[in-house]
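Understanding the architecture of this molecule
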Amino acid sequence: MPLRARRRRTVLAALAPLTAAALLTAAPPASAADTWTEAGSDRADALTESQGLTSVEVPAGAANRYTGIGTIPVGVSGRGWNHIGDPDASYDGHYIEPYQRDDGATKMFRVQAPGGTWSEYVHTLGPGEARNNSWVAVTPGGQWMLAGEYGTMSRLLVFPTPGVNPGTSPSANLPQASTVRLDHAVRDVQGCDFVTATRLLCSSDDPAGTLFGITKPLLQVDLSAEPNGTADVTGHVTALRQLPLRSSCSGTFETEGIDYDRRTGTLRVIVLSPGFCVLTDSKTYRFTRS
């Protein structure tokens, strides 16, 4: 809390030993909200482009990656990993997919190295941690990764980035390293991606609209510091706009994954159409900052 002018000098003196880093962690700086304007759309295939997406920088010229129920390998789903979330890729080309299952106390991150080799990293749930593994977002520095739980949450989870952070191994549990503590609850976040080292954009499938006054919002999260796995950071949440909800069918839309391509400044978000139209006019919407 900011110091009030009427506090005594003795209180100010007592606060002096606090370091600048500690103050930064205690409260995120005020940040102006970006404005994102719709710039077009592409059809999203309900089988292979319905859960998430990410742009891949390495190798140069690599195609965008998408996830959906049709992209889960048979050998993976046969072992119970039957849901895939919104993926991400580190700037050095490690591609990471989040998986969950209907039972047990684990979630899994499947990683493809730049050379093409796949490996799996399993995380054992901590106390109170939801089984949902909806998305991953790799920090610009690459060593740390955020992941999210479904439902109404006031936190994001921080992990060492599997396959990138030297402290990770497919043969060992992938531990939660720290937490992003949000100043405002969020609901049903389906994807987040870093825009800068301390700013995230997130797609929320919130059907109620009671948290921010709109349903299906695009959220901005400003962090007090880039997550480094050694201490918790805080996040200031702002609702920027409602995501597009257009279809030939009426009913309930579903907001899915999100991607920000720093090379072009393009933001993309998947929105699935209601009912039968999920097959015909679901879209990946493109946005530019204005």
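If you're wondering where the values come from, they're calculated on a predicted model, not measured in any experiment.

Attention shifts here to the overall build of the protein chain. Along the backbone of the protein chain there are 3 helices and 19 strands. Counting across all 290 residues of the protein chain, residues that qualify as buried make up 47%. Contacts in the protein chain between residues at least 24 apart in sequence constitute 54% of all its contacts with a sequence separation of at least 6.

What follows is about the packing of aromatic side chains. This model, assessed by the stated rule, comprises 3 aromatic pairs. With 6.1 Å between their ring centres and 80° between their planes, Tyr95 and Trp118 make a pair best called edge-to-face. Within this pair, whereas Tyr95 is found in strand β6 (residues 95-100), its partner Trp118 is found in strand β8 (residues 118-124), the two being separated by 23 residues in sequence. Residue classification places Tyr95 among the buried residues on the basis of a relative accessible area of 2%. When the centroid spacing of 5.5 Å and the interplanar angle of 55° are considered together, the rings of Phe109 and Phe159 count as tilted. Taken as a pair, Phe109 in strand β7 (residues 106-112) and Phe159 in strand β11 (residues 152-160) lie far apart in primary sequence, 50 residues in all. Sitting over the ring of Trp81, Arg101 keeps its end group 4.9 Å from the ring centre. The residue whose ring lies beneath Arg262 is Tyr91, and the NZ or CZ to ring-centre distance is 3.5 Å.

Right, let's get into the pattern of salt bridges. According to the stated counting rule, one finds 17 salt bridges in the structure shown. A salt bridge links Asp34 to Arg199, with the shortest nitrogen-to-oxygen separation between them at 3.1 Å. Here the residue Asp34 occupies a position in the loop between α2 (20-26) and β1 (36-43), and Arg199 occupies one in strand β14 (residues 199-204), the gap between them amounting to 165 residues. Judged by relative accessible area, Arg199 falls into the buried class, the value being 12%.

Below, the discussion takes up the state of the cysteines. The final tally for this structure, using the stated rule, is 2 disulfides. Note that Cys192 is cross-linked by a disulfide to Cys202, the S-S spacing being 2.0 Å. On the S-S bond that ties Cys192 to Cys202, the torsion sits near 110°, and the link is right-handed. Remark: Cys202 occurs in strand β14 and Cys192 occurs in strand β13 (residues 189-196); sequence separation between them is 10 residues. Exposure remark for Cys192: the relative accessible area of 1% places this residue in the buried category. According to the relative accessible area criterion, Cys202 is buried, its value standing at 2%. There is a disulfide in this structure between Cys249 and Cys277, and the S-S distance comes to 2.0 Å. Around the S-S axis, the bridge from Cys249 to Cys277 shows a dihedral of about 65° and counts as right-handed. Taken together, the residues span a long stretch of sequence, with Cys249 in the loop between β16 (233-242) and β17 (254-261) and Cys277 in the loop between β18 (266-272) and β19 (283-289) at a distance of 28 residues. For Cys249, a relative accessible area of 23% translates into the label partly exposed.

Across a sheet, strands are paired by hydrogen bonds formed along the backbone, either parallel or antiparallel in direction. One open sheet holds the 8 strands; their spatial order is β9-β10-β11-β12-β16-β15-β14-β13, and the pairing between them is mixed. Among the strands making up the open sheet, the edge pair consists of β9 (135-138) and β13. Recorded for the sheet is a direction-independent mean angle of 25° between the axes of neighbouring strands.

Quick look at the side chain of Glu129 now. As for its placement among the helices and strands, Glu129 is situated in the loop between β8 and β9. A relative accessible area of 9% means that Glu129 is categorised as buried. There is a polar contact of 2.9 Å between the side chain of Glu129 and the backbone nitrogen of Gly126. For Glu129, the residues in contact, after removing those within four places along its chain, are Lys107, His123, Thr124, Glu149, Arg155, Leu157, Phe159 and Gln176.

A separate point is the environment of Leu174. Inspection of the secondary structure assignment puts Leu174 in the loop between β11 and β12 (178-187). When the C-alpha positions of Leu174 and Thr161 are compared, they lie 9.0 Å apart, and in sequence the two are 13 residues distant. With near-sequence residues (within four places) excluded, Leu174 lies in contact with Phe109, Val122, His123, Phe159, Pro160, Pro162 and Thr168.

Cut-off values and rules
Going along each chain's sequence as written, the residues are numbered from 1 onward. Residues qualify for local features only when their pLDDT is at least 70, as the model is predicted, and side-chain atom pairs are given and counted only at 80 or more; totals for whole chains, interfaces and linings, by contrast, use all residues. Water and hydrogen atoms were dropped before computing side-chain values, which therefore reflect all heavy atoms in the structure. The way it works is that DSSP assigns letters per residue, a run of H or I at least four long becomes a helix, a run of E at least two long becomes a strand, and they are numbered from the N terminus. Buried means the residue's accessible area, taken with a 1.4 Å probe over protein chains only, is under 20% of the maximum for its type, while exposed means over 50%, and partly exposed covers the values in between. In this analysis, two residues are considered to be in contact whenever any of their non-hydrogen atoms come within 4.5 Å of each other. In this scheme Phe, Tyr and Trp rings, the latter by its six-membered ring, pair at centre separations within 6.5 Å, and the angle between planes marks the pair as stacked below 30 degrees, edge-to-face above 60, and tilted otherwise. As a reminder, the over-ring test applies to NZ of lysine and CZ of arginine, requiring each to be within 6 Å of the ring centre and within 35 degrees of the ring normal. Here, a salt bridge means any Lys or Arg side-chain nitrogen found within 4 Å of an Asp or Glu carboxyl oxygen. Cysteine sulfurs are considered disulfide-paired once they come within 2.5 Å of each other. Here, any two strands with at least 2 DSSP bridges between them count as paired. Between N-to-C directions, angles cover 0 to 180 degrees, with each direction set by a line fitted to C-alpha atoms, over the stretch in contact for helices. For this analysis, a polar contact is any N or O atom pair within 3.5 Å, provided that within protein one partner can donate a hydrogen and the other can accept it, and provided that sequence-adjacent residues contribute only side-chain to side-chain pairs.

Geometric descriptors of this kind do not, in isolation, establish any biological role.
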